[in-house]
Every structure is written in C-alpha cells, then in structure tokens.
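Commentary on secondary and tertiary structure
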Amino acid sequence: MPNKDLPPGLEKATIIPRDEHTVSRRYISENALNVLRKLESAGFQGYLVGGGVRDLLLDKRPKDFDIATDATPEELRKLFRNSRIIGRRFKIVHLRYGREIIEVTTFRAPHDVNVEIDESASRRGIRNLDSAHSTAGMILRDNVYGNVDEDALRRDFTVNALYYTTKDFSILDFSTGMQDLKERKIRMIGDPVARYKEDPVRMLRALRFSAKLDFDIEESTLKPIDELAYLLESISPARLFDETIKLLASGQAEATFALLRKYQPGNYLFAPTLRALLTSFRGRDQAAELLQLALRNTDNRLAEGKSVTPAFLYAALLWPVLRLKLELHPVPKLSPLQQFNAAANSAIAEQLTYTSIPKRFTQVTKEIWELQSRLETRNRRAAEGVFEHPRFRAAYDFLLLREEGGENLGGVGAWWTEFQEGDEELREQLLQHLPREQKPRRRSRRRKS
Ligand code: ATP
Ligand code: MG
C-alpha cells in the first residue's frame with residue numbers, strides 16, 4: 001500500500017539503510033548538514049547528492065557538497081540569507097559560508113512531456129513553461145521542477161545520482177548507482193546518445209570522472225563519444241574554460257590528459273597549433289615532457305593541499321605554441337621583446353576562441369613567460385628586480401619545469417634555488433659574482449675618417 005506521508009517519487013527508490021553503506025555524517029561538512037536540517041525543519045526535502053555521496057562511498061574526500069531539494073530557488077532565497085541564484089540556463093542556488101559554497105538545486109523534471117504541470121509543482125504555483133530544447137536536442141533552459149525520482153533520472157551518470165538523507169541516514173538509488181559504484185563503472189542514465197545531444201559537456205564529464213575515480217566508462221556510454229564530439233563546438237568558450245579547469249584540477253590531470261588525447265572530445269578544448277603539437281608528440285620530445293611535468297606538478301600540489309592556478313596551467317600548455325610561433329614567424333622589423341610580446345599575444349588569442357580564459361589569468365600567464373628571459377639573464381640588475389616581482393615564485397617554478405623537461409638553460413634554475421634559500425649574506429655573494437648590467441650598445445654613427 002502506498003504510504004501517504006511519503007514525498008512523491010520516493011516509492012521508486014531502492015533504499016540502502018544506514019548500516020548497509022559507508023557514508024558517515026562525520027565526513028560531511030557542517031554547513032551542508034545545517035542546510036539539510038534547515039530545509040527539513042522548514043518542511044522541505046533535502047538530500048546530499050552528486051560527488052558528495054559518490055566520493056564518500058569511495059572513501060574519498062568530496063571536493064564540494066551538492067544538495068537537491070523540492071524548495072524552489074525563490075523559496076531558497078527566502079530561507080537562506082546567504083543565498084544567490086546563479087545561472088539562467090540552469091538555475092542553481094549558491095549558499096556561501098566563508099570559503100565554502102554549497103550548491104543547492106531544485107529537483108528537475110524531464111520536459112519533453114508536453115508542458116504538463118506536475119502536481120507538487122502546481123501546488124506551489126510553479127508554471128511549467130521554463131524549458132526549451134534547440135532543434136538539435138540540446139537543452140537551452142532547464143528549470144522545470146519535479147519530484148526526486150525525476151530529478152535522479154535527469155542527472156548524468158548513475159554514480160552521480162545517489163541521494164543521502166539525514167532523516168534516517170539512508171541512501172536512495174533510483175537507477176543502478178550502487179551496483180555501478182561497486183563495479184567501478186561510469187554509466188550514463190538513459191540513452192547516452194540522446195543525453196550527449198542534450199548536453200555535450202557530459203562527454204567531457206565522462207572522461208573526467210573516469211580518470212578521477214579510475215573507473216571504466218561503460219561500453220554504450222563510451223561508444224558515441226568520438227562520433228558526437230563535434231557537438232562540443234556549440235558550447236560556449238566560457239563553459240569550456242570552466243570544464244578544462246575541472247578536468248585539469250581533478251587531482252588526476254595526467255590520467256585525464258591521456259584520455260583527452262585518446263578521445264575526440266579533447267580536441268575541442270585546445271586551439272589548432274596546440275592540438276597539432278599534442279598529436280605529433282611521440283611522447284618524448286620537450287613539449288610533451290614539459291606538459292607532462294606540469295600536469296604531474298599540478299597533481300602533486302593538489303595532493304599536498306596547495307592551490308593551482310589556471311594561469312600556470314596555460315603557461316605550460318601554451319609555452320610550446322609560443323616557442324613555435326617565435327621560430328616560425330619572426331618579424332624582422334620587430335625587436336626581440338616586441339617579437340616575444342606579439343607571439344605571446346597570438347598564442348593566447350588563438351586559444352581564447354576555444355576557452356575564454358579570464359584576463360586576470362592570461363595576464364599572469366604572460367608575466368610568467370616574460371619573467372623567463374629575466375630569470376635567464378644573469379646580471380645583477382635583472383636578478384634583483386625579478387626577485388621582487390610578485391610572480392617570481394610562479395616564474396621560478398616554471399623555469400624549473402622547463403629545465404626538467406630538457407631545455408638546457410645552463411643551470412640557472414639551481415642558481416635561483418640557492419639564491420632563494422640563502423640568507424642575505426649568501427645572496428649578496430651570489431650577486432657579487434654576476435656581471436653588472438651591460439649598457440645597451442649605442443649604434444655608433446659611422447664616422448668618416
Ligand atoms: P565533483 O564536484 O567532484 O566535480 P560532482 O559529481 O559533484 O563532481 P558537479 O559538477 O559538482 O559534479 O555536479 C553535481 C551533480 O549535478 C552531479 O553529480 C550530477 O548529478 C549533476 N550534474 C552536474 N552536471 C551535470 C550535467 N551536465 N548533466 C546532468 N547532470 C549533471
Ligand atoms: Mg560537486
């Protein structure tokens with residue numbers, strides 16, 4: 001007999017009681033728990049969902065906590081003073097607690113259902129006119145609200161569609177999430193082709209989760225990826241930038257990058273020159289080596305709890321492009337510095353049509369590059385100036401990577417290491433040994449004798 005008190009849709013769940021799974025409240029952020037409590041005491045449903053549940057079941061530390069609820073964005077705005085509605089295509093609510101942001105989404109419903117108003121939504125006065133598809137089947141707006149079971153089936157992969165409730169600490173599974181988690185499989189919910197057409201970014205997400213979790217991509221989920229990769233052309237460069245950063249800051253950048261090179265979707269993240277460099281790699285040359293090291297470095301930094309900046313990642317990705325441009329297209333009339341600036345700007349501009357990297361990052365990328373020649377120039381003035389520069393540390397790290405990657409810079413990295421680690425006295429000594437700056441030679445007018 002259906003339980004009348006049960007929220008609609010719940011009867012469709014397989015329920016995993018608290019003693020049959022490993023998710024423990026102890027590892028859930030206090031803020032996320034408070035949000036769940038507050039939702040419940042206001043009479044709404046609230047579940048932890050997505051990476052927060054998946055990662056805890058895998059004994060990993062979740063990157064962030066996502067919550068799903070039947071409260072609408074507007075109701076959430078009223079309930080939480082620290083809330084902000086984000087996005088139009090897909091409205092979500094961000095709750096800010098200092099540095100932590102809890103993402104809250106209202107249950108979505110499928111919306112190829114002839115604008116049918118679902119009961120609980122109509123009760124709360126929600127008009128079901130907020131969805132739109134493009135002719136190619138891509139979701140343009142997705143603000144049709146529904147029940148928890150519908151919400152589950154709108155999510156991308158089965159392992160991302162597990163719901164944890166603090167009401168009785170059980171997990172709700174509406175698809176095959178628990179089974180796939182056990183078998184370490186990334187499986188699309190529903191028909192993979194249709195779901196990729198709805199949102200092509202899901203192809204990149206499949207690759208990301210596969211690398212991050214070390215899961216296989218289930219066969220029918222993997223199969224259409226190369227053929228449908230071209231759909232990523234319709235995704236805005238802003239979203240592709242966000243996705244690139246998620247891919248490379250997943251803690252498994254090396255493994256992720258290997259997948260991006262293996263499968264077609266990776267081709268839609270990088271400009272042609274970079275792509276050409278990547279595909280011509282035989283895995284041994286300097287550009288490949290530098291990139292490999294930068295990715296490993298990124299993974300190590302994240303493992304140590306340090307931050308990584310897109311500026312540094314793009315500095316490494318685009319460095320071989322910059323070098324190539326300098327080699328292939330020297331403009332004789334320009335000074336070396338002008339040549340360098342032109343090549344740097346062009347390397348970045350080309351990439352911006354694929355991923356719109358915010359200016360605050362490209363600025364730093366350029367600074368890291370500019371400082372390279374100043375770090376290589378061994379004279380006293382240059383050395384003193386560069387050490388004071390706010391990007392010194394990033395530029396120095398980059399210099400070390402270049403050397404490690406096989407560029408012969410005459411041991412300048414080791415000199416800087418000694419300089420940095422030394423005390424005032426040692427620094428002074430090291431500087432003493434450098435030549436003073438040579439004045440730029442004036443072009444002397446030829447005198448007639
Ligand atoms: P992580 O936060 O570790 O990157 P996540 O699974 O939490 O992984 P988010 O991007 O935070 O990923 O999204 C939260 C959840 O929202 C996902 O687990 C998934 O259920 C759903 N989701 C996110 N993006 C999509 C999408 N493009 N299509 C369908 N569902 C999505
Ligand atoms: Mg998440």
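Data block above holds the structure.
Values in this document were obtained by computation on a predicted structure and should not be read as measured data. (Residues numbered from 1 in each chain as written. Chains lettered and ligands numbered in written order. Predicted model: local features only at pLDDT ≥ 70, side-chain atom pairs only at ≥ 80, totals over all residues. Heavy atoms only, no water.)

1. Here we look at the site of ligand 1
Near ligand 1 lie 18 residues; those nearest to it are Arg-54, Asp-199, Arg-202, Arg-208 and Lys-212. Take Asp-64: an N or O atom from its side chain is 3.2 Å from an oxygen atom of ligand 1. In the model, an oxygen atom of ligand 1 is placed 2.7 Å from a nitrogen or oxygen of the Arg-208 side chain. Those elements that place two or more of their residues in the shell around ligand 1 are helix H2 (51-57), helix H8 (201-213) and helix H11 (237-248). Class assignment for the residues of the shell around ligand 1 results in one nonpolar, three polar and 14 charged. (Near = heavy atom within 4 Å. Polar contact = N/O pair within 3.5 Å; in protein donor to acceptor, adjacent residues only side chain to side chain. Helix = DSSP H or I, 4+ residues; strand = E, 2+ residues; numbered from the N terminus. Nonpolar A, V, L, I, M, F, W, Y, C, P; charged D, E, K, R; others polar.)

2. Some words on the nonpolar core
One broad trend across soluble globular proteins is that nonpolar side chains are buried collectively. Ranked by size, the top nonpolar core spans 94 residues in total, and within it Ile-28, Ile-67, Phe-257, Trp-369 and Phe-398 carry the most contacts. Ranked by the residues each element gives to this core, the list is headed by helix H15 (residues 310-328), at 11 residues. There are two domains that each give this core at least three residues, and those are domain 1 (1-109 + 145-183) and domain 2 (362-432). If you look at the next biggest cluster of nonpolar residues, it comprises 16 residues, including Leu-375, Ala-395, Phe-419 and Leu-430. (Core = buried A, V, L, I, M, F, W, Y, C linked by side-chain atoms within 4.5 Å. Buried < 20%, exposed > 50% of the residue type's maximum accessible area, 1.4 Å probe, protein only. Domains from an automatic or database assignment.)

3. Overview of the pairing of strand E5 (residues 92-97)
In this structure, strand E4 (residues 83-86) lies alongside E5, joined through four bridges in antiparallel fashion. The residue of E5 that forms the bridge with Ile-85 is Val-93. With antiparallel pairing between neighbouring strands as the criterion, E4 and E5 make up a hairpin whose turn holds five residues, including Gly-87 at a positive phi of roughly 80°. The pairing of E5 with strand E6 (residues 100-106) spans five bridges and is classified as antiparallel. Opposite His-94, over in E6, you have Glu-103 as the bridge partner. Where E5 folds back on E6, the antiparallel hairpin that results is connected by two residues, among which Gly-98 adopts a positive phi of roughly 55°. (Pairing = 2+ DSSP bridges.)

4. Brief notes about the pattern of salt bridges
Scanning the model with the defined rule gives 23 salt bridges in all. For Asp-149, the salt bridge goes to Lys-12, with nearest N and O atoms at 3.2 Å. Residue Asp-149 is found in helix H5 (residues 148-154), and its partner Lys-12 is found in the segment before strand E1 (14-16); the two are separated by 137 residues along the sequence. Looking at Asp-149, the relative accessible area reads 9%, which means it is buried. Given a relative accessible area of 54%, Lys-12 falls into the exposed group. Notably, a salt bridge pairs Glu-407 with Arg-323, separated by 2.8 Å at the nearest N-O pair. Note that Glu-407 is positioned in the loop between helix H19 (392-404) and helix H20 (412-421) and Arg-323 in helix H15, a separation of 84 residues in sequence. (Salt bridge = Lys/Arg side-chain N within 4 Å of Asp/Glu carboxyl O.)

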